[in-house]
Amino acid sequence: LLTHTLRLCDLVPDPHTQTNFTRMTQRKQPVQTREEIAAAVKTVAGTDLTSDKKVPGVSDLMQNTKYSKDEVKKVVDNYVDFFDKSKGFGEQERKDNYETVVNSYYDLATDFYEYGWGQSFHFATQAKNEPYAQAIARHEHFLALKLKLNKGERVLDCGCGVGGPAREIARFSGAHVMGINNNEYQVQRARKHTATQNLNHLVSFVKGNFMAIPFEENSFDSVYAIEATCHAPNKHGIYSEIFRVLKPGRCFAGYEWCMTDKYDPSNEDHRRIKLGIEEGDGIPDLATTRHVVEVLREVGFEVLESEDLAHESEIPWYTPLDGSFNLSNIKATRVGRWFTHKLVNILEFIGLAPKGTVKTHDFLIKASDCLCDGGRQDIFTPMFFFVARKPE
């Protein structure tokens, strides 16, 4: 089982390659000790632990660049406590401590995201027979076209992750994209990927709080946010800051995670889904689509367009999480998550992954299940699209 799990999760790059580990598992005497398994896995992982790969492999999940092995479990426990009402935490406590909540989440989850999702941490509308990677790129191009980006313009990516969309939009439009992100680890990853792809002349990143954007008024020709401002403690604060740094007459466009009009706060199952998404994705409190439009107008924007693009997708947006076995996206499917979870359990058991790694994967799985439930019931959307203009 371990051999096949390692292969399916890309820890063994070539299933036909004979390694010390596979030879050990094929011999008559089975692997019996933690030390022997650990030695075998290290042999399989090889230089992956320090490689310069574009996307982390399973071996990268064994390490954490910010915390020691002893610290990881404490960080995980503290993060999970923010979503535990029995310990006195609720929406207001998460909002008051949103920087801690969000930073802890992405310190723990970023490598899992890159491993299972790639460098663009978002969903997309998808046509039948359209490759998912193509749908992701098209979703980003759509935003660039709606903003009418031109070569040489200065654009802000608000909550840029590891920079996948920023690089794609810069390539597509020729605009200079500045990404802002309050998570130091993701900023480091973004800069590394950008340098590897020779895009430093078009894309750059700054570590900063998007509730207090570190730029002067009227600094940017356009601003966009892709499934990122849901992490803000309140919409007034983030949208006001974007309004301030945007040039008059120019636009802010985004895809927002929202509860739809079908969400019923008195429905226990709806509340379970909402909290599961919030806990599994580092979100203080999910807003409704109606609230997003209201706040955009309240801070001064003219809302030119607003619609839930989930209804435009021929393939349900949550299919990559809920879909059947598919080699092209196996890591993101239920099958892939199951195999990864089994492997992570083994890695933590033998001491290669820090204590808390399994618990991190647990809340990511919970989030995936709740996202699928929210999508099927149409009470949640990750792609409430809007274009808002700052008046002249």
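Refer to the structure presented above.
For clarity, every value in this text was computed on a predicted model and none was experimentally measured. (Residues numbered from 1 in each chain as written. Predicted model: local features only at pLDDT ≥ 70, side-chain atom pairs only at ≥ 80, totals over all residues. Heavy atoms only, no water.)

### A word on the pairing of strand 3 (residues 203-207)
Rules: When DSSP finds two or more bridges between two strands, those strands count as paired. Secondary structure elements are taken from DSSP: a helix is a run of H or I of four residues or more, a strand is a run of E of two residues or more, and numbering for both begins at the N terminus. By convention, a crossover is right-handed whenever its connection, traced from the first strand over the helix to the second and viewed with the strands pointing away, goes clockwise.
Strand direction decides the pairing type here: strand 2 (residues 176-181) and strand 3, joined by 5 bridges, are parallel. Residue pairing across strands places N181 opposite K207, the latter belonging to strand 3. Read as a crossover between parallel neighbours, the route from strand 2 over helix 9 (residues 184-196) to strand 3 is right-handed.

### As for the sheet that holds strand 1 (residues 154-158)
Definition in use: For helices, the fitted line uses only the C-alpha atoms of the stretch in contact; every axis is such a line through C-alpha atoms, and the angle between N-to-C directions lies from 0 to 180 degrees. Note on contacts: a residue pair is in contact if any heavy atoms of the two residues lie within 4.5 Å.
Taking strand neighbours across the sheet as the criterion, the 7 strands line up as 3-2-1-4-5-7-6 in an open arrangement whose pairing is mixed. Because the sheet does not close on itself, it has two edges, and the strands there are strand 3 and strand 6 (302-308). Across the sheet, the axes of successive neighbouring strands diverge by a mean angle of 25 degrees, strand direction being ignored. Here strand 4 (residues 222-226) runs beside strand 5 (residues 251-259); their pairing, made up of 4 bridges, is parallel. Note on strand 5: the bridge partner recorded for Y224 is A253. Helix 9 rests against strand 2 and strand 3 of the sheet, and its axis sits at about 165 degrees to strand 3.

### Some details on the environment of E153
Rules: Buried residues are those whose accessible area, probed at 1.4 Å on protein chains only, stays under 20% of the maximum for their type, while exposed residues exceed 50% and partly exposed ones sit between those limits.
Inspection of the secondary structure puts E153 in the loop between helix 7 (132-147) and strand 1. By relative accessible area, E153 is classed as buried at 12%. For the pair E153 and G174, spaced 21 residues apart in sequence, the C-alpha to C-alpha distance is 7.9 Å.

### Notes on the side chain of H270
Mapped onto the fold, H270 is located in helix 11 (residues 268-281). Those residues in contact with H270 that sit more than four places away from it in its chain are K262, Y263, D264, Q377 and I379.

### With respect to the nonpolar core
If you look at soluble globular proteins, the nonpolar side chains tend to sit buried side by side. Keep this limit in mind: Grouping buried Ala, Val, Leu, Ile, Met, Phe, Trp, Tyr and Cys residues that are joined through side-chain atoms within 4.5 Å yields what is termed a nonpolar core.
Formed by 48 residues in total, the largest nonpolar core has its most connected members in F123, Y224, W257, I277, W317, L371 and F380. Examining the composition of this core, we find that 6 residues originate from one element, helix 7, more than from any other. For I277, the residues in contact, after removing those within four places along its chain, are W257, I283, L286, C370, L371 and F380. With 31 residues, the next largest nonpolar core counts M178, A232, F243 and V293 among its residues.

### Notes on the pattern of salt bridges
Close approach of charged atoms allows side chains with opposite charge to pair. Applicable threshold: Should a side-chain nitrogen of Lys or Arg be within 4 Å of a carboxyl oxygen of Asp or Glu, the pair is scored as a salt bridge.
In total, this model carries 19 salt bridges according to the counting rule given. A salt bridge links E241 to R244; the nearest nitrogen and oxygen atoms lie 3.0 Å apart. With E241 and R244 both in helix 10 (residues 235-245) and 3 residues apart, the pair spans about one turn of that helix. Residue classification places R244 among the partly exposed residues on the basis of a relative accessible area of 22%. Overlapping salt bridges, with partners in common, bring together E153, D221, K247 and R250 in one network.

### Quick word on the packing of aromatic side chains
Here is the rule we go by: Ring pairs shown here join Phe, Tyr and Trp side chains whose ring centres sit within 6.5 Å, with only the six-membered ring taken for Trp; geometry is labelled stacked below 30 degrees between planes, edge-to-face above 60, and tilted in between. Whether a charge sits over a ring depends on NZ of Lys or CZ of Arg being within 6 Å of the ring centre and within 35 degrees of the ring normal.
All told, the structure shown has 13 aromatic pairs when counted by the stated rule. Taken together, a centroid distance of 6.2 Å and an interplanar angle of 65 degrees make the contact between Y239 and F386 edge-to-face. With Y239 in helix 10 and F386 in strand 7 (residues 380-389), this pair connects stretches of sequence that are 147 residues apart. Across this residue pair, the class does not change: Y239 and F386 are buried. In this structure, K390 packs its charged tip against the face of F243, placed 4.9 Å from the ring centre.

### Focus on unusual backbone geometry
Excluding glycine, most residues fall at negative phi; most peptide bonds, likewise, are trans. The backbone of E227 sits at a positive phi, close to 50 degrees, despite the residue not being glycine. Of note, E227 is situated in the loop between strand 4 and helix 10. A relative accessible area of 6% places E227 in the buried class. A positive phi angle is found at D378, which is not glycine, with a value near 60 degrees. By secondary structure assignment, the location of D378 is in the loop between helix 15 (357-376) and strand 7.

### Focus on the environment of E168
To keep it simple, the criterion reads: We define a polar contact as two N or O atoms separated by no more than 3.5 Å, with the added condition that, inside protein, one atom must be a possible hydrogen donor and the other a possible acceptor, whereas residues neighbouring each other in sequence contribute only through side-chain atom pairs.
One can find E168 in helix 8 (residues 164-173). A residue is classified by how much of its surface remains accessible, and E168, at 21% relative accessible area, is partly exposed. Side-chain polar atoms of E168 contact the side chain of H141, separated by 2.8 Å.

That is the geometry; function is a separate question.
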